[in-house]
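Examining the three-dimensional arrangement
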Amino acid sequence: MTERLFLERSDLLEFDATVVARRQHEGRPAVVLDRTAFYAESGGQPWDTGTLGEAQVVAVVESGGEILHLLDRPLAVERVHGRVHAERRRDHLQQHHGQHLLSRAFVQVARAETIAFHLGSELTTIDLDRPVGDDEARAAERLANEVVWQARPVRISTISTEAARAERLEVPGGVAGAVRVVDVEGFDRQPCGGTHPRTTAEVGVVLITGLEKFKAGTRVAFVCGHRALTAFDRRRQVLEELVSTLSAPLEELTAVARKARLDLAEGERRARGLVERAIEGDARRLLEAARAETKAPGSPAVVVTALEGWAPGELRTLGSRIVELARAIALLGSRAEGKAHLVFAQSEGLPHDVPALLKASLEVLGGRGGGRGNLAQGGGDRLERLEEALALAESSVRAR
Ligand SMILES: [Zn+2]
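Residues numbered from 1 in each chain as written. Predicted model: local features only at pLDDT ≥ 70, side-chain atom pairs only at ≥ 80, totals over all residues. Heavy atoms only, no water.

1. A closer look at the coordination of the zinc ion
Only His96 (NE2), His100 (NE2) and Cys192 (SG) from the protein coordinate the zinc ion, and they sit 2.1 to 2.2 Å from it. Mapped onto the sequence, the donors of the zinc ion take the spacing H-x3-H-x91-C. Remark: histidine 100 and histidine 96 occur in helix 2 (residues 86-110); sequence separation between them is four residues, near one turn of the helix. Histidine 100 sits in the buried class, given a relative accessible area of 1%. (Donors = N, O, S within 2.8 Å, 3.2 Å for Na, K, Ca; no water. Helix = DSSP H or I, 4+ residues; strand = E, 2+ residues; numbered from the N terminus. Buried < 20%, exposed > 50% of the residue type's maximum accessible area, 1.4 Å probe, protein only.)

Given below as structure tokens:
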């Protein structure tokens, strides 16, 4: 049974030990030591990394009642000097202890219990059993930070499971005999096997970075200590970029961004209005030109035109408008986005089979399309034959 040095002293990062067993674990050499300062993954806290003699410790796991130090190479010696990676340990300690404080703060502020804890390499979250709002989250954050800044002593003790139950501490399943308890003076007391600081001050700061609905409760993302500094720095960079992009001081950023969105919406509305007016103008101009060419007075106007760059939707609006304004047949074509488009339309009561006209013209373009009644549209790849396709439809119309 390995003596777990980290249980008593989470600041102990160097130690000497004897190799008591050698194993293979998931394809890697592993050793069991008589004593270790390496934390094995458990209770939501990831393992420590570091070195044992010449070997890198890449993972530390509990397996079959043993603490296995997984190594990047076999270790031949009996006595080893162990060195725990200090930054990683400090990071885990800050996030994990910060979690204890934040979870307690949520109980006090919002009667919300923590039902899950995840400490990732970037993101740390707790899941609360009931929904909490932004105000409650800010209040819990404030309370947790007050406790950090009061530098309250953190004490580790081991008590019997009976004593723990008598205190109404939630004893993790599978724990027999003794329970390790982490106590934050006058604030929080809970069973935990993780690494914790001597005082709450080592957590530095607790910063909630996001709330989201999760099952029946809320998932709270947060960062503590050095991670909080990194998170703040990332946000500061984004804000600086926005300040420069929008040419506005930080205090006016929200107002300026809102105005920019409104201006954009107004611009789009005006652009739509201008396009409608342009289409109306084109419809009238094309009708007038077609009427001027009509030899028999009183017969419907035949509008035939090949345009450049008109999208199919715009072409359809133009065709519909032409046949609304006068008794007319519109045979419209456009070359846009590498395709030839056709829209054929006629006024209510005119006798042509518009879908059949379109079908014949689309054969020229090698394309597809369709329609019903007085409106049909389609397109093909043979851009150079657009005029020919329109002329075919025009001759059919004029032949009637
Ligand atoms: Zn814990």
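2. Brief notes about the side chain of histidine 92
Along the chain, the position of histidine 92 falls in helix 2. The class for histidine 92 is buried, based on a relative accessible area of 3%. With residues near it in sequence (within four places) discarded, histidine 92 still touches Gln45, Pro46, Trp47, Asp48 and Leu119. (Contact = heavy atoms within 4.5 Å.)

3. Considering the sheet that holds strand 8 (residues 79-84)
The strand order around the closed barrel built from six strands is 2-3-7-6-5-8, with neighbouring strands paired in antiparallel fashion. Across this sheet, the average inter-strand angle for adjacent strands is 50 degrees, counted without regard to direction. In this structure, strand 3 (residues 28-33) lies alongside strand 7 (residues 66-71), joined through two bridges in antiparallel fashion. Pairing of valine 31 across the sheet is with histidine 69, part of strand 7. (Pairing = 2+ DSSP bridges. Axes fitted to C-alpha atoms, helices over the stretch in contact; angles between N-to-C directions.)

4. Details of empty space enclosed by the protein
It is a probe the size of a water molecule, rolled over the atoms, that shows where empty space is left. This structure, assessed with the given rule, holds one cavity of 30 Å³ or more. Estimated volume of the largest cavity: approximately 40 Å³. Looking at the largest cavity, the residues that line it are Ala290, Glu293, Thr294, Val302 and Arg398. Taken together, the residues of the lining of the largest cavity sort by class into two nonpolar, one polar and two charged. (1 Å grid on protein atoms, 1.4 Å probe; cavity = no way out; pocket = protein on both sides within 12 Å on 5 of 7 lines; lining within 4 Å. Points joined across faces, edges and corners; volume = space filled by probe spheres on them. Nonpolar A, V, L, I, M, F, W, Y, C, P; charged D, E, K, R; others polar.)

5. Some remarks on the sheet that holds strand 11 (residues 154-160)
Spatial strand order, 11-12-13: three strands in an open sheet with antiparallel pairing. Of all the strands in the sheet, just strand 11 and strand 13 (188-191) have a single pairing partner and so form its edges. Neighbouring strand axes in the sheet, compared pairwise and without regard to direction, differ in orientation by 25 degrees on average. Two strands pair when backbone bridges link them, and strand 11 and strand 12 (residues 178-184) are joined in this way by seven bridges, in the antiparallel orientation. When the sheet's bridge partners are listed, isoleucine 156 is paired in strand 12 with valine 182.

6. Here's the deal with the packing of aromatic side chains
For the structure shown, the criterion picks out two aromatic pairs. Ring centres 5.2 Å apart and planes at 75 degrees place the aromatic pair phenylalanine 6 and tyrosine 39 in the edge-to-face group. With phenylalanine 6 in helix 1 (residues 5-8) and tyrosine 39 in the loop between strand 4 (35-36) and strand 5 (50-52), the pair connects residues that are 33 residues apart, well separated along the chain. Here phenylalanine 6 matches tyrosine 39 in class, with each residue buried. (Phe/Tyr/Trp six-rings, centres within 6.5 Å; stacked < 30°, edge-to-face > 60°.)

Just distances and angles here, no functional claims.
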